[in-house]
Amino acid sequence: MKQFKTETKKLLDLMVNSIYTNKDIFLRELISNASDAIDKLYYRSLTDKNIKVKHKDLEIFISTDKEKRTLTISDNGCGMTKEELEDNLGTICKSGSELFKEENEKKKNIDIIGQFGVGFYSAFMVSDEVKVESKTIDSDEAYTWISNGMNGYTIEKSNKKENGTTITLKLKEDSEEENYSHYLEEYEIKHLIKKYSDYITYPIKMLCTHTHYNDKKEKEEHSEIEVLNSLIPIWKKNKNKIKEEEYDNFYMEKFSDYTKPDDIIHINAEGVVTYDGILFIPGSNPYTYYTKEFEKGLQLYSNGVLIMDKCSDLLPDYFSFVKGVIDSPDLKLNISRETLQQSKVLRLIAKNVENKIKKELENLKDNNRSKYEKIYNNFGVQLKYGIYNNFGLDKDKLQDLLLFYSSTEKKMVTLKEYVSRMKEDQEQIYYATGESIDKIDMLPQVEMFKEKNYEVLYLTDVVDEFTMQSIVEYENKKIINVSSNEAKISDENKEEIEKINTDNKEMLDLMKNEIEQVSDVKFTNRLKNHPVCLTNEGAISTGMEKTLNALSKEKINAKLVLEINENHPIAKKLQELYKEDKDKLKQYSKVLYAQARLIEGLTIENPTEISSIICNIIAK
Ligand code: ADP
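Conventions used here
Residues numbered from 1 in each chain as written. Predicted model: local features only at pLDDT ≥ 70, side-chain atom pairs only at ≥ 80, totals over all residues. Heavy atoms only, no water. Helix = DSSP H or I, 4+ residues; strand = E, 2+ residues; numbered from the N terminus. Rg over C-alpha atoms; globule rule 2.2 N^0.38 Å. Buried < 20%, exposed > 50% of the residue type's maximum accessible area, 1.4 Å probe, protein only. Contact = heavy atoms within 4.5 Å. Domains from an automatic or database assignment. Axes fitted to C-alpha atoms, helices over the stretch in contact; angles between N-to-C directions. Left-handed = near helix turned anticlockwise from the far one by under 90°. Nonpolar A, V, L, I, M, F, W, Y, C, P; charged D, E, K, R; others polar. Pairing = 2+ DSSP bridges. Core = buried A, V, L, I, M, F, W, Y, C linked by side-chain atoms within 4.5 Å. Phe/Tyr/Trp six-rings, centres within 6.5 Å; stacked < 30°, edge-to-face > 60°. Polar contact = N/O pair within 3.5 Å; in protein donor to acceptor, adjacent residues only side chain to side chain. Salt bridge = Lys/Arg side-chain N within 4 Å of Asp/Glu carboxyl O.

(A) Up close: the overall build of the protein chain. Assigned secondary structure in the protein chain consists of 21 helices and 22 strands. The globule rule puts the C-alpha radius of gyration for 620 residues at 25 Å, and the 33 Å found for the protein chain is more than 25% above it. A buried classification covers 50% of the 620 residues belonging to the protein chain. Put simply, 69% of the contacts in the protein chain that link residues at least 6 apart link residues at least 24 apart.

Written as structure tokens, this is what we have:
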């Protein structure tokens, strides 16, 4: 007897003691595994000449034995070797179980099934013992795995002759709360298959008897094999006849997600290219989405037969979060990956799919903003990267899908909405960046814009500013960071402030020399109450400096300008010091610069020095 791994054991305890109330789903899980196993075998046969499989022979078979209280699910798919039986059924994938633990501590009674691919184990919710006999097509050896779910499992040789897997469940005895016997009834099996597994593309067969025969022999004579599923895949069914629940169930089962999709796009395209497909926008952001593990792609079928599990050519990167299936009679069955890539049909479908997704997102944005915001929250970053990548090549396609927080509307808005509200005298589109909406809202540079009632977009994502710089301008309005010297906020008194700066040139130069990191120090009228702020010359802002330096070893510096509020008492003080005490002026310059950096969310390089200067001032 071999022992289960600790995590598996924990999960099994939960299964056996079944925190999950809907026990029916075990059948769906086992049938889905069987279907996957058949897919795998068939898929292999398309590229491996040694494997001869006829599509019409592929099937799932269900049988029951009331006397022995067993329910058997059999498939003629890929099967498992001895090692695979141990690996697949003896352990639960690590990342899944770890996560499961965390989740489970957070909230009890969650729907763990499916979420972490623990499907097979659901068999123990209804069984005292589970027997798995399996043989692969490559080997003559077959093995039987048996477990009662608690004390580990055994593996022995079996004399199974055909490739595939047969799972036999010894059902639990009925109790006061639960009736397990009904899983032995034909009508119940039929009902469950229709409810949960109708979309399976292989026939699910069962030997059905006409119930009015009691005698065993008579029964056998009057039995016939019935196909329990409709064999019409859901994507080929009439849209109007599919209930939302059916789509949701199909999605959750097929893509192992436990949250319902946020949006469903069912396509029946005829014309230049003919295909059926269903696209789903997931209801949550999978934890692997921004990892290397994540693979984009849609399932590809040719006339109901799976030919590729994740066809990445069907989705552009910026829509990589979309899941779904595509089925076209125009695609050849025995097509290799390479020729598929060059297939004109595939390219046409991809183009079409992209347009459908884009249209649907636009439609949601215009007509169901709350739903769109939810989707945008999950996947908006991907759209922004989409604009930034390829040097803004795709910006025309994507820029209208972007949402940003607006300082005046206090909610997410589009660029179009922003422009439609622009003040008459306002020439540019303004944005400010920072860690959070609150922090941005407190930036000194933003104050004047608020004062003038100019709307400012608050950007909190790392990629945001890169995206904005890739867009450059929208409807002929330049998109400008409020901290940039290109921001035309204070043009009215331009000459006046220029004169002040020329008059004080020597003092400002002295200050500049004292602060090594700035390219300029000057008086400004863009501030209202704050004494200082940092602005930048050129394309790299302080926010981008932070991001770029986190990404690469090479130091990249924004060209910073320390601006001093000419209306603040500090301006007078500095002028006084320039006349009376230049050493103090130098020290104060450092403090002012440090303050401006801190306000920007930047670190300071000489905190001890600054601290002692400030202490000296306080001590006086
Ligand atoms: P999941 O299906 O989500 O991966 P399961 O616990 O249901 O998780 O199954 C674990 C693994 O066992 C599967 O990934 C598959 O490799 C294997 N397996 C399960 N059932 C079968 C089957 N009927 N035929 C072949 N392999 C199977």
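Additional details are given in the paragraphs that follow.
(B) Structural context of the domain arrangement of the protein chain. Here the protein chain is partitioned into domain 1 (9-227), domain 2 (234-368), domain 3 (403-481) and domain 4 (494-619). The gap between the C-alpha centroids of domain 2 and domain 3 is 35 Å.

(C) Layout of the packing of helix H17 (residues 505-514) against helix H20 (residues 582-599). Where H17 meets H20, the closest approach of the two axes is 9 Å, and the angle between their N-to-C directions is 65°. H17 and H20 meet at a crossing whose hand is right-handed. Packed against H17, whose contacting residues are Met507, Leu510, Met511 and Glu514, the element H20 presents Leu585, Lys586, Ser589, Lys590 and Leu592 at the interface. Considered class by class, the residues forming the contact of H17 with H20 number five nonpolar, one polar and three charged.

(D) Region of the structure containing the sheet that holds strand S11 (residues 298-302). Ordered in space as S9-S10-S13-S11-S12, the five strands form an open sheet in which the pairing is mixed. Lying at the two open borders of the sheet, with one neighbouring strand each, are strand S9 (263-269) and strand S12 (305-311). Ignoring which end each strand starts from, the neighbouring axes of this sheet average 10° apart. Inspection of the sheet shows S11 paired to strand S13 (residues 323-327) by three bridges, in the parallel sense. Bridge pairing links Gln299 to Val325 in S13.

(E) Molecular detail of the pairing of strand S10 (residues 275-281). Within S10, seven of the seven residues are buried, leaving the element largely enclosed by the surrounding structure. Burial along S10 is two-sided: Tyr275, Gly277, Leu279 and Ile281 and Asp276, Ile278 and Phe280, pointing in opposite directions, are all buried. As paired strands, S9 and S10 are joined by seven bridges and run antiparallel to one another. Looking at S10, one finds that Ile265 is bridged to Leu279. Here S9 folds back onto S10, and the loop between the two strands holds five residues, one of which, Gly271, carries a positive phi near 145°. Two strands pair when backbone bridges link them, and S10 and S13 are joined in this way by five bridges, in the antiparallel orientation.

(F) Molecular detail of the nonpolar core. If you look at the biggest cluster of nonpolar residues, it comprises 130 residues, and the most contacted ones within it are Phe120, Trp145, Leu169, Leu300 and Leu457. Looking at this core element by element, the count peaks at nine residues for helix H2 (residues 25-47). For Leu169, the contacting residues outside a window of four places in its chain are Phe26, Leu30, Arg69, Thr70, Leu71, Ala123, Val126, Ser127, Glu129 and Val130. Counting 24 residues, the second-largest nonpolar core is a separate cluster that includes Phe523, Val532, Ala571 and Tyr593.

(G) Expanded view of the pairing of strand S17 (residues 456-459). Burial along S17 is two-sided: the residues Val456 and Tyr458 and Leu457 and Leu459 are all buried. Across two bridges, the pairing between strand S14 (residues 404-406) and S17 is antiparallel. In the strand pairing of S17, Tyr405 is matched with Tyr458. Examined bridge by bridge, strand S16 (residues 429-433) and S17 share four bridges and lie parallel to one another. Paired with Tyr430 across the strands is Val456, a residue of S17.

(H) Just the packing of aromatic side chains, in detail. Applying the stated criterion across every chain, the model contains 23 aromatic pairs. With 6.0 Å between their ring centres and 10° between their planes, Tyr430 and Tyr454 make a pair best called stacked. Highlighted residues: Tyr430 in strand S16 and Tyr454 in the loop between helix H14 (444-451) and S17, separated in sequence by 24 residues. Judged by relative accessible area, Tyr430 falls into the buried class, the value being 1%. Taking relative accessible area as the criterion, Tyr454 reaches 4% and is therefore assigned buried. Relative to Tyr454, the ring of Phe449 lies with its centre 6.5 Å away and its plane at 55°, an arrangement referred to as tilted. Of the two residues, Phe449 and Tyr454, neither departs from the other in class, the shared state being buried.

(I) Examining the environment of Gly392 more closely. Topologically, Gly392 is positioned in the loop between helix H10 (369-388) and helix H11 (395-398). What makes Gly392 buried here is its relative accessible area of 9%. Separated by 106 residues in the primary sequence, Gly392 and Pro286 have C-alpha atoms spaced 27 Å apart.

(J) Inspection of the packing of helix H19 (residues 569-580) against H20 at higher detail. Remark: H19 packs on H20, axes separated minimally by 7 Å, with the N-to-C direction vectors making an angle of 145°. Only Lys582, Lys584, Leu585, Tyr588 and Leu592 of H20 make contact with H19, whose side of the interface consists of Ile570, Lys573, Leu574, Leu577, Tyr578 and Glu580.

(K) Just the side chain of Asp276, in detail. Examined against the element boundaries, Asp276 turns out to sit in strand S10. Here Asn268 takes part through its side chain, which lies 2.8 Å from a polar atom of the side chain of Asp276. With residues near it in sequence (within four places) discarded, Asp276 still touches Trp235, Lys236, Ile267, Asn268, Val325, Ile326 and Asp327.

(L) Representation of the side chain of Asp75 within the structure. Within the secondary structure layout, Asp75 lies in strand S2 (residues 70-75). A polar contact is formed between the side chain of Asp75 and the backbone nitrogen of Gly77, at a distance of 2.9 Å. Sequence-distant contacts of Asp75, defined by excluding residues within four places in its chain, comprise Ala34, Ala37, Ile38, Glu59, Ile60, Asn163, Gly164 and Thr165.

(M) How the structure looks around the pattern of salt bridges. Here the structure, examined in full by the defined rule, presents 41 salt bridges. Between Glu185 and Lys66 there is a salt bridge; the shortest N-O distance is 3.2 Å. Remark: Lys66 occurs in the loop between strand S1 (60-65) and S2 and Glu185 occurs in the loop between strand S6 (164-171) and helix H5 (186-196); sequence separation between them is 119 residues. Each of Lys194, Asp198, Lys237 and Glu246 takes part in one network of salt bridges that share partners.

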